[in-house]
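A structural walkthrough
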Amino acid sequence: MTTVGILAIQGDVDAHARALERVGATPRPILQEADLDGLNALILPGGESTTIAKGLDRLDLWDSLRFFVHSGLPMLGTCAGAILLAREVENHPVATLDAIDGVVVRNAYGTQVDSFSAEADPGAARGLEGLPCVFIRAPRWKTLGDGIEILARVGGEPVLIRQGNVLAATFHPELTEDLRVHDLLVRSAG
Ligand code: GLN
């Protein structure tokens, strides 16, 4: 059985848990270092990156999560979770895990289109064609290092990327019926 942790400080933890169950994995909420023991993969959910970062301070979890990044086990950050994976954050910076060699801009789609959904552009990675993407006050990658794989774009912007064991989605894959992103994470953990 594949056990996948979900950082449970704030955000859409329950929706990720349901998505994981539906792809055959066991979700486990993470609120302390001991919760990370024996995990096969980890999700940093969407929500509010400032709040989640403050929670990581309060729970003293930064080093444990950095250790997890370096363990090579699969990770997925969605929206605020993707922000927490970036090397650098613009537009009200927050502390991060520096797991993705990129600069991300918070709330980059502006107030007019705070939330929208769209299908992945043609040319997404095999198996991810037509992926539905829900964006909620979403971040946007401003720069990405050369080694980063772009698995899906929307409107030409990279929205699902991978650096080694770390996946980052600027959208919310847990909010649609299409569970291919969770499936990708769980399969890479198996
Ligand atoms: N705007 C949020 C942030 O900057 C992210 C939004 C989300 O996770 N849906 O943290």
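As shown above, the structure is provided for reference.
All of these numbers come straight from a predicted model, not from anything done at the bench.

Rules used in this analysis
Residues numbered from 1 in each chain as written. Predicted model: local features only at pLDDT ≥ 70, side-chain atom pairs only at ≥ 80, totals over all residues. Heavy atoms only, no water. Buried < 20%, exposed > 50% of the residue type's maximum accessible area, 1.4 Å probe, protein only. Helix = DSSP H or I, 4+ residues; strand = E, 2+ residues; numbered from the N terminus. Pairing = 2+ DSSP bridges. Axes fitted to C-alpha atoms, helices over the stretch in contact; angles between N-to-C directions. Contact = heavy atoms within 4.5 Å.

Quick notes on the pairing of strand β1 (residues 3-7)
Looking along a regular strand, one sees the side chains alternate between the two faces of the sheet. Among the five residues of β1, five are classified as buried, and the element is accordingly described as predominantly covered. Where burial is concerned, the two faces of β1 agree: the one with Thr 3, Gly 5 and Leu 7 and the one with Val 4 and Ile 6 are both buried. Relative to strand β2 (residues 26-30), β1 is paired through five bridges, and the arrangement is parallel. Each bridged residue has a counterpart across the sheet, and for Ile 6 the counterpart in β2 is Pro 29.

A closer look at the sheet that holds β2
Read from one edge of the open sheet, seven strands run β2-β1-β3-β4-β12-β11-β10, paired in mixed fashion. Since the sheet does not close on itself, it has two edges, and those belong to β2 and β10 (149-154), each with one partner. Strand-to-strand, the axes of this sheet are offset by a mean angle of 20°, without reference to chain direction. Two strands pair when backbone bridges link them, and β10 and strand β11 (residues 157-163) are joined in this way by five bridges, in the antiparallel orientation. Counted as the bridge partner of Glu 149 is Arg 162 from β11. With respect to the sheet, helix α1 (residues 13-22) is in contact with β1, β2, β3 (41-44) and β4 (75-78), its orientation differing from that of β1 by roughly 170°. Each of β1, β3, β4 and β12 (166-169) is contacted by helix α3 (residues 62-71), which is oriented at about 125° to β3, the strand it contacts most.

Here we look at the sheet that holds strand β6 (residues 100-105)
Strand order in the open sheet formed by three strands is β5-β6-β9, with mixed pairing between adjacent strands. The sheet terminates laterally at β5 (86-90) and β9 (140-144), the two strands that pair on one side only. Adjacent strand axes in the sheet meet at a mean angle of 30°, parallel and antiparallel pairs treated alike. As judged from the four bridges shared by β5 and β6, these two strands associate in the parallel manner.

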